[in-house]
Structure formats: C-alpha cells, structure tokens
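Understanding the architecture of this molecule
Chain by chain, the residues:
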Amino acid sequence: MKYYFPLHLNGGNRGCEAIAKGTALILKEKKENLIGLCTDMKLDCRLKIDDYVTLQPMRKKSMPFRIGNRIYKNTVHDEWKQKTFAYHYEYAPFLSQMNKDDIMISTGGDMMCYNENQTVFTVEYLYKHGIRSILWGCSIGERNLTPRKLQALKQFSHIYARETLTQEVLANHNINNVSVFPDPAFVLEPVPCKLPVCFSQGEVIGINLSNYVMGGFDLNSAFAKEVDCLIKYILQSTDYQILLIPHVLWEGQDDRIISNLIKEKYDSHNRISILDSDNLNYCQIRYIISKCYCFIGARTHAVISAYSTCTPAIAIGYSIKSKGIAKDIGMPEETLVDSINISNGKLLDAFLYAKRNASNLKKLLSTEMAEYRMKAWDAFNIIDLAK
C-alpha cells in the first residue's frame with residue numbers, strides 16, 4: 001500500500017512543508033511509499049522534503065494544452081467544467097498510478113475554505129475509480145460549504161479534522177465519518193539555527209502578516225490601521241525589537257511584500273527586522289518563533305509553531321481554523337483577533353493582554369501542549385477507518 005499526496009504543491013508555503021513532513025512522521029512509512037505531487041522540485045529538495053516523501057513533478061502545461069484550454073474556455077462557459085479540464089491535465093497522470101490498495105491523503109488544511117478547487121476534483125476522480133481517500137487535517141466553516149463540496153465531502157473514505165469546530169459544522173450536514181486530531185505540524189520539533197541580530201538587542205516580538213488579513217498588498221485597510229497602531233505602540237512605548245516573519249513566499253500570497261511595506265514605513269527606526277525566511281525551513285522558523293517573547297501570527301502554521309513551543313501567541317483569524325485550534329487548546333478569547341470584523345484597538349488590546357499575561361500563557365501552553373501534541377500521532381489510526 002502506498003499513500004499519495006496530490007495537493008502538496010510545494011514548500012513555498014512553509015505550512016505545506018510542515019504538513020508533508022509531519023504527515024510522513026505520523027504515517028511511519030518509508031518515503032518510497034509516500035508519493036507527493038510537487039510544483040517546485042528544486043525548492044522542495046532544498047527544504048529536504050524529499051527526505052520524507054518521494055516527490056514527482058507536476059506535469060508542465062504544454063503549448064498544445066494551453067491552446068486547447070483557451071479554446072475550451074471560449075466554448076464551454078461552465079466555470080467548474082473549465083476548472084476540471086485543467087485539473088484533469090495536471091492531476092490525472094499522478095492519480096492514475098494509484099491502485100485499489102492505495103490511499104490518497106488530501107492535504108492542504110484549509111483548501112476547502114476557498115473556491116471549489118482541486119480538492120473536489122481529486123476525490124471525485126478517485127471515488128469513480130473505487131480508490132480510498134482521506135481529507136487530512138482539514139478545516140471548513142459553514143459559509144465555505146457548497147452543494148458540490150458537500151457531495152465531495154461524502155465521497156471521502158474518512159475525514160480528519162484538525163479542530164472540533166469543523167467536526168461540528170460537518171455533523172450539522174450529517175457528515176459523520178470524521179475524526180479530530182491536532183494538525184500534523186504539531187509533531188515537528190524546532191531545529192536550532194543562527195538567530196537574527198535583533199535577538200541580541202533585547203526581547204523580540206515576532207509578527208507574521210499576510211495579504212489575507214491585511215485585505216490586500218497595501219497598508220490602507222481597516223486592519224492595516226490596527227497593525228499601524230500596534231507597531232507605533234511597540235516602538236514608542238516599549239523597548240521591544242520587532243521581527244517580521246514571512247511564512248508563505250508564493251507569488252500572489254508572498255508575506256514578504258507586506259513585511260517590506262511595514263519596514264519601509266518605519267525606516268527611521270532601527271528596531272524592525274525582516275526574517276530571511278527564504279533560506280530557512282519550517283522547523284528552523286519554528287525555532288526562531290520559539291525564541292520570541294510573544295508572537296502575533298496570521299498564517300496558521302506559524303501560529304502552530306508558537307503554540308507548540310509554548311510561546312505566548314495571538315492568532316489573527318479570518319476563518320474557522322484559527323478559532324477552532326485556539327479553542328481546542330484552551331487559549332483565552334483575548335488572544336484571538338478577527339481581522340475581518342475588526343474593532344478599533346482590538347489588536348493592540350490583544351497584545352497588551354498577552355504582555356500582561358505572558359507567564360500565565362506560557363504556563364497554560366506548557367500544561368496543554370505535551371498531551372495535545374501527542375494526540376496528533378494518533379491520527380495514524382485513521383488509516384484503519386478509511387475502508
């Protein structure tokens with residue numbers, strides 16, 4: 001039996017790297033039996049993902065395909081059919097390797113939180129061929145559901161939700177083949193590396209921001225004003241260093257863009273640094289986050305690094321995943337900030353709460369994390385449920 005990961009994509013999103021490595025450890029399989037579809041082989045080899053998973057490159061879009069795809073879009077106006085045409089070209093060659101003994105591990109965490117995409121296509125494809133599949137470490141909210149997604153969810157052999165809020169949402173739709181375990185990234189350990197210079201200059205506040213929470217790649221949104229208020233407070237009223245920590249480096253989602261804008265805005269201050277995340281893997285970034293006095297994060301797997309290393313953390317949430325994980329760990333509501341429905345001063349209030357209660361938050365996480373992280377290893381038992 002082999003496990004196939006068609007939705008790995010690549011480690012340009014360090015969360016994808018974390019899921020691939022954590023899942024490989026949980027499954028306790030040699031890499032020859034773990035097959036991942038990769039869109040950037042060079043990067044994933046540099047990140048040593050190929051030490052855990054056998055990587056296969058995604059089929060490149062040839063000129064005949066591009067022409068055919070353009071013609072198809074001009075003649076067929078159903079959006080899902082248009083997507084399926086492209087997905088079949090990209091994913092079918094990979095999926096066609098599977099036999100009845102194999103299992104698809106459908107990773108991506110929050111892939112079902114967005115538009116109908118390749119998560120739906122791949123499970124539909126394998127369901128028609130009678131091949132098992134597990135939706136692995138997922139989050140999905142009520143507002144994310146569509147009739148097509150609900151049908152796809154019922155086609156999975158089993159669903160591994162990474163927090164209980166998702167389980168509740170699915171149960172409301174009579175989808176009960178669901179088990180709950182912590183995100184697979186919780187099994188990973190930090191890997192020591194050289195700390196940025198800012199750590200030698202005082203306590204460090206780590207901040208990770210994304211275009212999703214900022215409402216785009218500028219500093220003009222309501223939430224951007226909250227970030228501005230927070231950074232001004234730290235610079236004017238404390239002696240903390242600020243380390244901006246990019247965690248997703250994909251084109252169109254690159255956290256470095258927002259980090260650079262913030263750095264430029266406060267270029268008269270010498271207390272803001274940007275982590276060179278491009279040259280660090282997930283577990284090295286986790287190590288750096290673990291050395292921060294406090295961490296404020298938008299990307300789920302960056303916040304998971306803070307939680308797992310008992311670093312006081314504020315999760316900037318815009319969907320069910322951050323709320324669900326924080327709830328299951330027992331984090332106070334004051335440490336969760338909704339970037340969509342933001343109220344004036346909320347982000348600063350959360351920081352001040354974390355600052356006042358840093359030792360209590362450390363104790364809470366220290367108490368919860370040992371048992372919570374161990375539960376992630378139990379996700380291995382799902383394999384027997386995927387009949």
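First things first, this report covers the structure right here in the doc. (Residues numbered from 1 in each chain as written. Predicted model: local features only at pLDDT ≥ 70, side-chain atom pairs only at ≥ 80, totals over all residues. Heavy atoms only, no water.)

In this section: the sheet that holds strand 12 (residues 313-317). Sheets are built from strands that pair by backbone hydrogen bonding, the pairs being arranged parallel or antiparallel. Pairing is parallel in the open sheet, where 6 strands are placed in the order 10-9-8-11-12-13. Looking along the sheet, the strands with just one partner apiece sit at the ends: strand 10 (272-274) and strand 13 (336-338). Strand-to-strand twist in this sheet, taken as the mean axis angle between neighbours without regard to direction, amounts to 20°. When strand 9 (residues 241-244) meets strand 10, the two strands line up parallel, connected through 3 bridges. Looking across to strand 10, one finds that Leu-243 is bridged to Ser-273. (Pairing = 2+ DSSP bridges. Helix = DSSP H or I, 4+ residues; strand = E, 2+ residues; numbered from the N terminus. Axes fitted to C-alpha atoms, helices over the stretch in contact; angles between N-to-C directions.)

Counting residues in each nonpolar core, the largest one holds 93 residues, and the members touching the most others are Phe-186, Leu-209, Phe-223, Ile-296, Tyr-307, Ile-329 and Phe-351. Among the elements that make up this core, the one with the highest residue count is helix 9 (residues 222-237) (7 residues). Other than its neighbours up to four places away in sequence, Tyr-307 contacts Phe-186, Ala-313, Ala-315, Ile-325, Ala-326, Ile-329, Met-331, Leu-365 and Met-369. Ranked by size, the runner-up nonpolar core spans 39 residues in total, among them Leu-7, Leu-37, Leu-126 and Leu-145. (Core = buried A, V, L, I, M, F, W, Y, C linked by side-chain atoms within 4.5 Å. Buried < 20%, exposed > 50% of the residue type's maximum accessible area, 1.4 Å probe, protein only. Contact = heavy atoms within 4.5 Å.)

Our focus in this paragraph is helix 1 (residues 14-27). Taking 1.5 Å of rise per residue, 14 residues should cover 20 Å, and helix 1 covers 20 Å from first to last C-alpha, within 8% of that figure. Of all the 14 residues making up helix 1, 13 are buried; the element is thus mostly covered by neighbouring parts of the structure. (Expected span 1.5 Å × (residues − 1).)

Here the focus is the packing of helix 13 (residues 320-329) against helix 15 (residues 358-377). Packed helices, taken two at a time, are described by the angle between their axes plus the distance between the axes. Axis separation between helix 13 and helix 15 bottoms out at 10 Å; the angle between their running directions is 100°. Regarding the angle of helix 13 to helix 15, the classification is roughly perpendicular. Two secondary-structure elements touch here, helix 13 through Ile-325, Asp-328 and Ile-329 and helix 15 through Leu-364, Leu-365, Glu-368, Met-369 and Tyr-372. (Parallel < 35°, antiparallel > 145°, perpendicular 65-115°, else oblique.)

Right, let's get into the pairing of strand 12. Counted residue by residue, strand 12 has 5 buried out of 5 residues, so it is predominantly covered. Burial of the side chains of strand 12 extends over both faces: Ala-313, Ala-315 and Gly-317 are buried on one face and Ile-314 and Ile-316 on the other. Pairing of strand 11 (residues 294-297) with strand 12 involves 3 bridges; the strand directions are parallel. Residue pairing for strand 12: Gly-297 is matched across the bridge by Ala-315.

Spatial ordering of the open sheet is given by 3-2-1-4-5-6-7, a layout of 7 strands whose pairing is parallel. At either end of the open sheet lies a strand with only one pairing partner, and these are strand 3 (54-57) and strand 7 (178-180). Looking at each pair of strands side by side, their axes are set apart by 25° on average, direction ignored. Here strand 1 (residues 3-9) pairs with strand 2 (residues 34-38) via 4 bridges, running parallel. Directly across from Tyr-4, in strand 2, lies its bridge partner Ile-35. On the sheet, helix 5 (residues 118-128) packs against strand 1, strand 4 (103-106) and strand 5 (132-138) and is oriented at approximately 160° with respect to strand 1.

For the pair helix 3 (residues 63-75) and helix 4 (residues 79-95), interaxial distance at closest approach is 10 Å and the crossing angle is 165°. Taken together, helix 3 and helix 4 sit at an angle that is classed as roughly antiparallel. Between helix 3 and helix 4 lies a crossing whose hand is right-handed. Of helix 4, the residues touching helix 3 (which contributes Phe-65, Gly-68, Asn-69, Tyr-72 and Lys-73) are Lys-81, Gln-82, Phe-85, Ala-86 and Tyr-89. Of the residues belonging to the contact of helix 3 with helix 4, the class tally is 5 nonpolar, 3 polar and 2 charged. (Left-handed = near helix turned anticlockwise from the far one by under 90°. Nonpolar A, V, L, I, M, F, W, Y, C, P; charged D, E, K, R; others polar.)

All right, on to unusual backbone geometry then. For Asn-174, which is not glycine, the phi dihedral falls at a positive 60°. Mapped onto the elements of the fold, Asn-174 is located in the loop between helix 7 (164-171) and strand 7. We note that Cys-310 has phi near 60°; this positive angle belongs to a residue other than glycine. Among the secondary structure elements, Cys-310 is positioned in the loop between helix 12 (300-308) and strand 12. A relative accessible area of 16% places Cys-310 in the buried class.

Along the chain, the position of Leu-244 falls in strand 9. The buried category is assigned to Leu-244, whose relative accessible area is 1%. Along the chain, Leu-244 and Arg-14 lie 230 residues apart, while their C-alpha atoms are 15 Å from each other. Aside from chain neighbours lying at most four places away, what touches Leu-244 is Ile-207, Ser-259, Ile-262, Lys-263, Ile-272, Ser-273, Ile-274 and Leu-275.

For strand 2, a buried count of 5 out of 5 residues is recorded, marking the element as mostly surrounded by other parts of the structure. With burial as the criterion, each face of strand 2 is covered, one bearing Leu-34, Gly-36 and Cys-38 and the other bearing Ile-35 and Leu-37. Assessed by its sense of winding, the connection that carries the chain from strand 1 through helix 1 to strand 2 is right-handed. One ladder, built from 4 bridges, connects strand 2 with strand 3; its direction is parallel. The residue bridging Ile-35 from the neighbouring strand is Thr-54, located in strand 3. (Right-handed = clockwise from strand over helix to strand, strands pointing away.)

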